[in-house]
Protein chains: 2
Amino acid sequence: MSSEEPLQSTPSEENPEKKLSKKELAKLERQRKRQEAAAAASAAAGVSAVTLEAEDPLAANYGEIPLNDLQSKEISGKKWTEVKDLTNELKDQVVLIRGRAQAIRAVGKKMAFLVVRERGFTVQCVLTVAQDVVSPQMVKFATSLSRESIVDIEGVISVPTQPITGASQQVEIQVRKLYCVNKAIPALPINIEDAARSELEIEKALQAGEQLVRVNQDTRLNFRVLDMRTPANQAIFRIQCQVENIFRQFLLSEGFVGIHTPKLIAGSSEGGSAVFRFDYKGTPACLAQSPQLHKQMSICGDFGRVFEVGPVFRAEDSFTHRHLCEFTGLDVEMEIKEHYSEVMDIVDRLFVTMFDSLNEKCSKELEAINRQYPFEKLKYLRKTLRLTFEEGVQMLKEAGVEIDPLGDLNTESERKLGQLVLEKYGTEFYILHRYPLAVRPFYTMPCHDNPKYSNSFDVFIRGEEIISGAQRVHVPEFLTERAQSLGIDVKTISTYIDSFRYGAPPHGGFGVGLERVVMLFCALNNIRKTSLFPRDPQRITP
Amino acid sequence: MSSEEPLQSTPSEENPEKKLSKKELAKLERQRKRQEAAAAASAAAGVSAVTLEAEDPLAANYGEIPLNDLQSKEISGKKWTEVKDLTNELKDQVVLIRGRAQAIRAVGKKMAFLVVRERGFTVQCVLTVAQDVVSPQMVKFATSLSRESIVDIEGVISVPTQPITGASQQVEIQVRKLYCVNKAIPALPINIEDAARSELEIEKALQAGEQLVRVNQDTRLNFRVLDMRTPANQAIFRIQCQVENIFRQFLLSEGFVGIHTPKLIAGSSEGGSAVFRFDYKGTPACLAQSPQLHKQMSICGDFGRVFEVGPVFRAEDSFTHRHLCEFTGLDVEMEIKEHYSEVMDIVDRLFVTMFDSLNEKCSKELEAINRQYPFEKLKYLRKTLRLTFEEGVQMLKEAGVEIDPLGDLNTESERKLGQLVLEKYGTEFYILHRYPLAVRPFYTMPCHDNPKYSNSFDVFIRGEEIISGAQRVHVPEFLTERAQSLGIDVKTISTYIDSFRYGAPPHGGFGVGLERVVMLFCALNNIRKTSLFPRDPQRITP
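The sections below set out a description of the structure shown in this document.

What counts and what doesn't
- Residues numbered from 1 in each chain as written.
- Chains lettered and ligands numbered in written order.
- Predicted model: local features only at pLDDT ≥ 70, side-chain atom pairs only at ≥ 80, totals over all residues.
- Heavy atoms only, no water.
- Helix = DSSP H or I, 4+ residues; strand = E, 2+ residues; numbered from the N terminus.
- Buried < 20%, exposed > 50% of the residue type's maximum accessible area, 1.4 Å probe, protein only.
- Polar contact = N/O pair within 3.5 Å; in protein donor to acceptor, adjacent residues only side chain to side chain.
- Contact = heavy atoms within 4.5 Å.
- Least-squares fit on C-alpha atoms with pLDDT ≥ 70 in both.
- Buried area = accessible area lost by both parts, 1.4 Å probe.
- Salt bridge = Lys/Arg side-chain N within 4 Å of Asp/Glu carboxyl O.
- Axes fitted to C-alpha atoms, helices over the stretch in contact; angles between N-to-C directions.
- Parallel < 35°, antiparallel > 145°, perpendicular 65-115°, else oblique.
- Nonpolar A, V, L, I, M, F, W, Y, C, P; charged D, E, K, R; others polar.
- Pairing = 2+ DSSP bridges.

**Overview of the side chain of B:Arg539**
Working step 1: Tracing the backbone through its elements, the reader meets B:Arg539 in the segment after α15 (514-521).
Working step 2: Among the residues examined, B:Arg539 registers a relative accessible area of 7% and is labelled buried.
Working step 3: Side chain to side chain, B:Arg539 and B:Asn222 meet in a polar contact 2.9 Å long.
Working step 4: Polar side-chain contacts of B:Arg539 include one of 3.0 Å to the backbone oxygen of B:Thr541.
Working step 5: Not counting chain neighbours up to four residues away, the residues in contact with B:Arg539 comprise A:Tyr280, B:Asp218, B:Leu221, B:Asn222 and B:Pro534.

What follows is the structure in structure tokens.
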């Protein structure tokens, strides 16, 4: 309990008149040591610019914080301000911030500018040599900082008359104290500035005869921790979090229960070769390709309506812009009373709610993405368009694209149909249902009036599939027959099939890839941009 | 689009006077076929009790619904009522419900009772032979239903004068129509009634000379889909969903971002032998033991405060009541300004909020669990107690339990300390911090004043550990040194260590097991009770 008490202690500034207390003396002593350590460290690093003079009377106002002071040494009660909260309402106030030295610029020997970034927001900090506040040595120290180092800055907020173009916040900090918390190596493998640059900017510069650095996708991913720091990436993953959140909140409000099904599966998941196999205490096992079987079993277990957010694993050798070996599945399964349109109704309302909410609540994030990767806002209807597969085939036919009416759409015909739908109905988000049975998994319920078709659907955004759903076969004998007819060894899925022997309600559901939703909503060109640490057949690091 | 239209069609009851329309004739024809199919199916199943007579003029009011009618044949626009919503406000109204035939009882040949269950709620349905409504054959059909079959029931709500003890709802349905949607096999491997029984009930019966069936844990798990249907299990997994939800909502409100880190990891995760290994396209790989390394990397990537909910995998051979090979991790990582108490502050407020919310919003679920597994409400303080490890050791010592002051607590001493804390401070939820460094992972930050201790903590509920947390080492050279000193091959975690070379803020975090929180909040005796499909060294099915 005692470690909590200093939180209530009186800040020393409140008694400016009194003599130096024991505590203050100790503080000065610490600052002196800090300064010495900083000087030693700088010397060791061979940074010639930093020839700190120990006799600087303002030495306590800057330097490197030794590690020991960062090991939870004290709870000072100091008030920290976030960079995003630095506005002109704070004019003339003293603030304390922690962030990264994004850019450092010396102006002669008596002045320096530091742009400090915290979670994507930036503020300009100014050091000006002034008696009793900033020494020339302190300016030197500032300009010797390596970019992306973590710094603590104390200073006074000022509001310049001119707009600030180099930072997000429209105030400056007149620096009084500057400490380095953690140094970045001087030569970073990629610069945030380069990683944050749009193609447009690179091309414009090229036209003006300047060659700017373009950071390619693989380099970004190799140094993902740096790449993540760009405003666009900060925004992408905040939007991803929001997508998941809306998904959950919408479903919870509709009586769904969030569940977690196992990823470690005996046998071979839903069959097929695209599974990662491993040994489970002597038993052959694999990683779940989807929560399909277990979410259906949860419906047999009386949960009525369930959803799951979790990783799904695909060992496929897909080298496309839209496939990953591991991604986050958003899965739904629900009892249906009469018709699989009940499932499509959920898809409809869920996604319209989601798109509305993203446009409304994530405007800053969408702007940040737009600056680096310009895109058009998604066009969608208040009530989602539903077309049958046959209608889709017909539309393609009329546009001169012949496809097998009982086959699947390939990427090209999906895109073409998306284009036709946009022209005719004015939407980039629609549902295509009654797919041919032959192209759907064994557990898909055939149509009541034509066994060549199925009670299934796919959902498209900007001409690309993001959701697959269907009514499922809930009769064990029929399910067995369907599995066998597709060459699946029913022994490996016997507990799944048995689940339907104890009374099973008609049901259906769908699955969505979280990364794909974000990619397509923001019209990004590669799914690796929406996975924090993507896994593809050639990448399992970092 | 056209498939949606029937939703707007006028229900036929609104024109009772007019002659039978084409649609109605078709409906009667369908009912006739349904009846025939049911008779045929019953005959095929050899159910001797069901000697359905085709000439029953009321044959259309009951029977088995043929599969074809369940393949999304029509959208009738019928209104369905949930069992939980059946209250005496609906007196004299006609309702339509779908649920399971939980219990079936014949009273002579002219009456039958059916208890129908939907998502844990039950209602008593009464069939009484009456001209033009219920035939003796219909009563026969009802009594021939196998338990747990899915049925559709239409009838009129009546309110009996006596309280109903055999069902949750205090109204009855006077049945007019009864269809079987899906049959359960007649001999279920476990009965829901047996699975829902408390130990107390079994013992009481035994004292009265009656031997009731006790379903053991393994049998439950073998037939988990049946076991899930008990009121206690319905409640447990709804509470689990709520725990996750509060976790997320609390952290989102505190500026955390939800992330997803990869489960497929090159090399050997955080080291140690307890990992599941597999081959990733020719590269040795393993399943993540926790999101530890990647959540820290996300902090280096400027997300400031992150959380993750996802599966974690442990290949340990632990056969205890509290270990699983796969469980759901609730992980948190955050920048800290000065002290690891900032992390403990989050733990404190998060869990107090969670417990408050569970007690408030899940009272029905907690009651349901209490009926089968009686437990005392968790005792916790408004401000969570924090003790240092040394204080804990001292308390144990004073109680006559000597433990190594630089070792870890074993299960026994954890329990003992929990007991002492409860006696002294009146809480079953507390934080123990400043653990010996030697018993913590390599990435744990040592204390500033004593390298034998660390800036770490564990959190306990009812004498069992549920959370581990700490400040982390954010200096790459020191991190390397710590890893090497613990015999970890730093080459396998080089991208992790490199993340700290680009400027890393001081940070800390913690991890919680979702299943453990639910188990200990409800004082359940086995973690397998709070995992939907548990995985342990001996179980990878269903």
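**A closer look at the relation of the copies chain B and chain A**
Working step 1: The transformation that overlays chain B on chain A combines an axial shift of 0.0 Å with a rotation of 180 degrees, and the residual RMSD is 0.0 Å. Such values leave the two copies arranged in the relation of a two-fold axis. Within chain B, B:Phe278 has its C-alpha nearest the rotation axis, a separation of 2.6 Å.
Working step 2: Here 99% of the contact residues of chain B are again contact residues in chain A; the copies associate through an equivalent surface.

**Regarding the interface of chain B and chain A**
Quite often, the size of an interface is put as the accessible area lost when its parts meet.
Working step 1: Taken together, the contact between chain B and chain A spans 122 residues of the former and 121 residues of the latter.
Working step 2: Taken together, both faces of the contact between chain B and chain A bury some 10,500 Å²; the carbon and sulfur share is 57%.
Working step 3: Considering only the surface of chain B that becomes buried against chain A, B:His260, B:Glu338 and B:Tyr502 emerge as the three largest contributors, covering 8% of it.
Working step 4: If you look at where chain B meets chain A, you find ten salt bridges.
Working step 5: A salt bridge links A:Asp302 to B:Arg117; its shortest N-O distance comes to 2.8 Å.
Working step 6: Joining chain B to chain A, the criterion identifies 69 residue pairs in polar contact (both at pLDDT 80 or more).
Working step 7: Of the residues forming the side of chain B that touches chain A, the biggest block, ten residues, is contributed by helix α7 (residues 231-253) of chain B.

**A short note on the packing of helix α9 (residues 341-361) of chain A against helix α10 (residues 363-372) of chain A**
All names here are of chain A.
Working step 1: Relative orientation of the contacting elements α9 and α10 amounts to 80 degrees, with a least axis distance of 5 Å. Viewed along their axes, α9 and α10 adopt a mutual orientation that is roughly perpendicular. Residue-level inspection shows Leu358, Asn359, Glu360 and Lys361 of α9 in contact with α10, the latter providing Ser363, Glu365 and Leu366.
Working step 2: Split by residue class, the contact of α9 with α10 holds two nonpolar, two polar and three charged.

**Concerning the pairing of strand β3 (residues 111-118) of chain A**
All names here are of chain A.
Working step 1: With seven of eight residues buried, β3 lies mostly within the body of the structure.
Working step 2: Pairing geometry for strand β2 (residues 94-107) and β3, over seven bridges, is antiparallel. Paired with Val107 across the two strands is Met111, which belongs to β3.
Working step 3: Between β2 and the antiparallel strand that follows it, β3, lie three residues; Gly108 among them carries a positive phi value of about 65 degrees.
Working step 4: In this structure, β3 lies alongside strand β4 (residues 121-128), joined through eight bridges in antiparallel fashion. From the neighbouring strand, Leu114 faces β4, where its bridge partner is Cys125.
Working step 5: Here β3 folds back onto β4, and the loop between the two strands holds two residues, one of which, Arg119, carries a positive phi near 45 degrees.

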